[in-house]
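Residue-level structure breakdown
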Amino acid sequence: MKAVLMAGGEGTRLRPLTLNTPKPLVPVCNKPIMEHIIEKMRDIGIKDHLVTLYYLGDEIRAHFGDGSEWGVNLEYSVEETPLGTAGAVKVLEDRLTDTFVILSGDSMTDIDIMSAVKFHKKVGSIATIILTRVETPLEYGVVITDNDGKIIRFLEKPGWGEVFSDTVNTGTYIIEPEVFKYMAPGGNYDWSKDIFPMLLADGRPLYGSVQDGYWCDIGSLKQYREVHEDALNGKVKITPGGKQIKRKVWVGKNSEISPSARITGPAIIGANCQIRDGAVINEFTVIGDNCVVDEGAAVSRSIFWNNNYVGRKTTATGCILCRNDVVGEDVAISEGVIIGDSCNVGKGVKIKQQVKIWPDKILTSGSTINQSIVWGENWPGSLFSALGVKGLANIEVTPEYAAALGSAFGASLSPGSEIIVSRSPHKVARVIKRALVSGLMSVGINVSDFRTVPLPLVRHIVRTSDAKGGIHIRISPYKNDMSLIEFFDQHGININTNTERKVESIFYRQDFRRAGLEKVGTLEYDPLAVERYTRDFLQYVDVEAIRSRNFKMVVDYSNGSLSTMLPPILGKFGVEAVSVNSYMDPNTSPRASAIDREGLKQLSKIVRSLGADFGVLVDGESEKISLVDSAGEAIMGERLLALMVEMIGRTRKSSVIAAQVRSPYLIEQIVKKYKGSLIFTQSNSRDLMSKAYTKKITFGGDTKGGFIFPEFQPSFDAMISISKILEMTAKQNFDIAAMSKAVPEIFIEQEATECSWENKGKIMRVLVDKFKDKSVNLTDGIRVNLTKTSWVLMRPDPTEPLVHVIAEGKTAAEAKKLVKDHIKMIREIE
């Protein structure tokens, strides 16, 4: 016996689920609806199927092929124009020469079809409708039969006033080929509206077979949710994929469940998933393949399709995620929410009940979504963060994403331009770099690949060569599960906001030029890059002054690439150096920040045990440092900045110092003491670098160990910072331990408060007006100088719905109180 599978429906009532996915491929418990049907038919001996296609038919054909993977034979019939449920079968007349079954490709059932076939044969029916009883028959064809099963009357989708039975048509029919005589070739016919009434009027034997068992026509989103609950409750017989790890909990192959995660059945988790520390999966949840539920997230009564990421501390209740969605941390998804394919939900977003998000939408961090988003593309305010483009490694920042980003950046430049590309040691950075390079070359950009080198080296070579810019891929200093892609201009400085907007526009429009075959970019490797940097570096440093001191020091390289460059340099300096964490491992993320208290504690022990002059902890990208003095005391952050400004002041009077507006009062006092001048910059690295390039700056520094010596290059460089400390100490006979001890304690506290995007401007306007009689600085937000020892900075975050409040006081308690008081002030304004 053959079966005809009706798989051409558009599934409009299931949107947005069916916008990119044909209804028969919509998954139920991680398996397409049609796959459940085919397996059920195979198990009862029906292996030959004719599949009628119309809407997204190629997707169905691509998924099932010839059916051999499922042990069946599939042939396809594609409707060029809709012919109706019966007209589509008439096309197959020459292949249906014996009794056949018609099945709906979008219903779940475990009804005994062979029992109905036996009934059909027994009564000699020309057409038999398989019937079932339902509580609410309004959405179905209602049927009345006599005691022998012969159909007396039926009505398609009646109103309550017309309901005469609870017995309904399941859309499953057993048909004899002679029915085709009632249809003309090429005509549009429907079984229930046309053919069955003809048979009834003609007195032909038309029967109904009422069958027990489960049946659900998945015609609405409500029914789609219900069929999952029914399957998990055991009301319909299915075979969940994977292994049952405990009562009513099934987990697919290669999935990793943290021991601290909690899973309550019934629940299904697909293959290759990660359920991380503290995550909670509650009952009636189905999670597809390749999904990540991050730390502390909680999912209840929800359905996730494949390839979704749910961020830390996010809650998802009674929702559906289609494919390839990225949901950020601290998101709240309410009951009835549906998120279409390839959406990106920013941090802290709240999605209210019953909201539907159509595919390819981006929801800006901190927003509250009260109504469905159907049309348009809600791109975030900026693709770029403070340092570059960042996102979850291999989840948001994927090879496909990186290739498009490379094409967008390349398209912003002239064809034939040269770009220098480098990366950190981690293997994820390698993957992303190669994709970026492909994108660049595809738009006619020539690439010079520096592979794994310190970031300052790349900035320097870009600045001193004919390159039009550079790109460096690394693990983000914000979070070690995020990738960061930094873009530089021809001066080795992070690109300005105008260039960022240009790249964003090209990226979002996908408006890339494509180079002709002969003009695709070239890829070259520069084996002399390290030598060129070293040559320039040694010309800037007083090597002999350093050699005369015979320093002994310890360097913690944080598993970064500086470990391949600095040791030979220190050898030239005559420095006896002990290396720590000096190997690069592609499976290990280099330490992202130089402010690592645990790392400094270990470094302190080594410095004291060896009797070294001092120790240096370098961040993994070779940009920033922290120190440990000979007594083993850590010097970092604001204190290290103050120490550096003190050293510069003693070495070069009347210096021009650039520091971020969040720097402590002590910096102003030291600069004033040595008759220098202070330029405040915004609280981001790019503005500090830009000022170092455009102004006549002696020295620039931030509060995280990043220092700039513009005479060499206008960007952070840990190797230059270490060398200048050695040089100044040697020439001025500095005692770093004594100088550090003389730096008074600094008390700075900070906290961020949530603020909607639309209220940021209002808040800043009110604050500026409120403090108009105070000494204020508007370089970045508003810094209010309250007393000679205290200030508060209120700065809107450029990429998140936050306002940062940073304050300095005479004591830690005073600084904390200032932060709390001004957060309260901001909330009252909002």
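Residues numbered from 1 in each chain as written. Predicted model: local features only at pLDDT ≥ 70, side-chain atom pairs only at ≥ 80, totals over all residues. Heavy atoms only, no water.

**Some remarks on the sheet that holds strand 46 (residues 634–635)**
The criterion, for reference: A pair of strands is treated as paired once DSSP finds two or more bridges between them. A run of H or I in DSSP counts as a helix once it spans at least four residues, and a run of E counts as a strand once it spans at least two, with each numbered from the N terminus.
Read across the sheet, five strands follow the order 43-42-44-45-46 without closing on themselves; strand pairing throughout is mixed. Both edges of this open sheet fall to strand 43 (576–580) and strand 46, since each of them pairs with a single strand only. Bridging between strand 44 (residues 614–618) and strand 45 (residues 625–629) involves five bridges; their strand directions are antiparallel. Across the sheet, Val618 pairs through a bridge with Ile625, a residue of strand 45.

**Thoughts on the side chain of Ser220**
Note the cut-off: The contact criterion used throughout is that any non-hydrogen atoms of two residues lie within 4.5 Å.
Note on placement: Ser220 falls in the loop between strand 13 (215–217) and helix 6 (221–233). For Ser220, the contacting residues outside a window of four places in its chain are Arg13 and Leu14.

**Focus on the environment of Phe712**
Structurally, Phe712 can be placed in the loop between strand 50 (707–708) and helix 18 (718–732). Taking the C-alpha atoms as reference, Phe712 lies 20 Å from His472; in sequence the two are 240 residues apart.

**Brief notes about the pattern of salt bridges**
Two side chains that carry opposite charge are able to pair once their charged atoms sit near each other. Spelled out, the test is: Whenever a carboxyl oxygen of Asp or Glu lies within 4 Å of a side-chain nitrogen of Lys or Arg, that contact is scored as a salt bridge. Note on classification: 1.4 Å probe, protein chains only; a residue is buried when its accessible area is under 20% of the maximum for its type, exposed when over 50%, partly exposed between these limits.
Following the criterion strictly, the structure yields 35 salt bridges and no others. The salt bridge involving Glu486 is made with Arg474; its shortest N-O contact spans 2.5 Å. Within this pair, whereas Glu486 is found in strand 40 (residues 482–488), its partner Arg474 is found in strand 39 (residues 469–475), the two being separated by 12 residues in sequence. The exposure class assigned to Glu486 is buried, which follows from its relative accessible area of 0%.

**Focus on the pairing of strand 12 (residues 206–210)**
Most of strand 12 is tucked away: four of the five residues are buried. Two strands pair when backbone bridges link them, and strand 8 (residues 127–133) and strand 12 are joined in this way by five bridges, in the parallel orientation. Looking across to strand 12, one finds that Ala127 is bridged to Leu206.

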